Amino acid sequence: MRDDELLTVPDVMERLKVGRSTVYDLIRSRRLPSITIGRCRRIPARVVREYITNELEAAA
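None of these values were measured; they are calculated from a predicted model.

Analysis parameters
Residues numbered from 1 in each chain as written. Predicted model: local features only at pLDDT ≥ 70, side-chain atom pairs only at ≥ 80, totals over all residues. Heavy atoms only, no water. Pairing = 2+ DSSP bridges. Helix = DSSP H or I, 4+ residues; strand = E, 2+ residues; numbered from the N terminus. Contact = heavy atoms within 4.5 Å. Axes fitted to C-alpha atoms, helices over the stretch in contact; angles between N-to-C directions. Buried < 20%, exposed > 50% of the residue type's maximum accessible area, 1.4 Å probe, protein only.

Another aspect to go through is the sheet that holds strand β1 (residues 6-7). The strands that make up a sheet pair up through hydrogen bonds in the backbone, lying either parallel or antiparallel. Strands sit in the order β1-β3-β2 across an open sheet of 3 strands; the sheet is antiparallel. The open sheet terminates on both sides in strands that have one partner only, identified here as β1 and β2 (35-37). Note: β2 against strand β3 (residues 40-44), 3 bridges, orientation antiparallel. Bridge pairing links T36 to R41 in β3. In the packing of helix α3 (residues 45-59) onto the sheet, the strands contacted are β1 and β3, and the crossing angle to β3 comes to about 60°.

As structure tokens, then:
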């Protein structure tokens, strides 16, 4: 996964093993920053990795 890669919501769902509503809740709460291109929501791969790292650190 490249740093500059933009992921779709289904891509993030697969990587985090969560449902669509959970991904949109994370986006709404600004815990998972995203951008909108046209009508499509995209999440930078770097942001997903940072989210996972932050959650692991918080759980430790």
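Let us keep going from here.
Now for the pairing of β3. Alignment of β1 against β3, held across 2 bridges, turns out to be antiparallel. Counted as the bridge partner of L6 is P44 from β3. In textbook terms, the turn of a hairpin is the stretch between consecutive antiparallel strands, and for β2 and β3 this stretch comprises 2 residues, one of which, G38, has a positive phi near 65°.

With phi around 55°, K17 is a residue other than glycine that occupies positive phi space. Backbone geometry at R30 places phi at a positive 65°, although glycine is not the residue there. As for its placement among the helices and strands, R30 is situated in the loop between α2 (20-28) and β2. Under the relative-accessibility criterion, R30 is labelled exposed at 74%.

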